[in-house]
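Summary of the model geometry
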Amino acid sequence: VQLQASGGGLVQAGGSLRLSCAASGNTFINYEMGWFRQAPGKQRELVARITSGGSTNYADSVKGRFTISRDNAKNTVSLQMNSLKAEDTAVYYCAGKLKMYGTLWAVDYWGQGTLVTVSS
């Protein structure tokens, strides 16, 4: 499975961006998918995830502002980001086939990062 992310860019605080991730392969529908981000000097963190059945979960820092969705027919997963803040600035990574071990996430497939910069 290959993941191709797109949609990053520069936006002012309070603005919106939509990230998209296109997956190759016909097993996408079975995978839990997610978006991680990594800010300079910080660890990579899970921002949002969506199960194969469409259940979603968000980091507290983005709840109410970000929405993850998937289109299994098109093998895509998206992250709609609204009310962006300077602290959302990071490289965002699409992730495929997530599994949690204790408090740690294992990811089988990573997309290339896409930079989101929010100016204050």
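Further up the page is the structure itself.
Residues numbered from 1 in each chain as written. Predicted model: local features only at pLDDT ≥ 70, side-chain atom pairs only at ≥ 80, totals over all residues. Heavy atoms only, no water.

1. Topic: the packing of aromatic side chains
Threshold: Stacked, tilted and edge-to-face pairs are distinguished by plane angle, under 30 degrees for stacked and over 60 for edge-to-face with tilted covering the rest, among Phe, Tyr and Trp rings (Trp via its six-membered ring) whose centres lie within 6.5 Å. Secondary structure elements are defined from DSSP: runs of H or I of at least 4 residues count as helices, runs of E of at least 2 residues count as strands, and each element is numbered from the N terminus. To sort residues, take the accessible area from a 1.4 Å probe on protein chains only and compare it with the maximum for the residue type: under 20% means buried, over 50% means exposed, and anything in between is partly exposed.
Scanning the entire structure with this criterion turns up three aromatic pairs. Where phenylalanine 36 meets tryptophan 110, the ring centres are 5.0 Å apart and the plane angle is 65 degrees; that geometry is what we call edge-to-face. You can see phenylalanine 36 sitting in strand E4 (residues 33-38) and its partner tryptophan 110 sitting in strand E10 (residues 104-110), a full 74 residues away along the chain. When its relative accessible area of 6% is taken as the criterion, phenylalanine 36 is described as buried.

2. Notes on the state of the cysteines
Quick note on the threshold: Cysteine sulfur atoms are paired as a disulfide whenever they fall within 2.5 Å.
A full pass over the atoms with the stated rule returns one disulfide. The residue that forms a disulfide with cysteine 21 is cysteine 94, at a sulfur-sulfur distance of 2.1 Å. Its torsion about the S-S bond being -80 degrees, the disulfide of cysteine 21 and cysteine 94 is classed as left-handed. One end of the pair, cysteine 21, is in strand E3 (residues 17-23); the other, cysteine 94, is in strand E9 (residues 90-101), with 73 residues separating them in the sequence.

3. Overview of the pattern of salt bridges
Applied cut-off: Salt bridge, as used here: a side-chain nitrogen of Lys or Arg that lies within 4 Å of a carboxyl oxygen of Asp or Glu.
Counted according to the given criterion, the structure contains six salt bridges. Across the salt bridge formed by glutamate 32 and arginine 49, the nearest N and O atoms sit 2.7 Å from each other. With glutamate 32 in the loop between E3 and E4 and arginine 49 in strand E5 (residues 45-50), this pair connects stretches of sequence that are 17 residues apart. A relative accessible area of 18% places glutamate 32 in the buried class. The salt bridge involving lysine 63 is made with aspartate 60; its shortest N-O contact spans 3.1 Å. Classification of aspartate 60 as exposed rests on a relative accessible area of 65%. Among the ionic contacts, a cluster of salt bridges with common partners joins Arg37, Glu45, Arg65 and Asp88.

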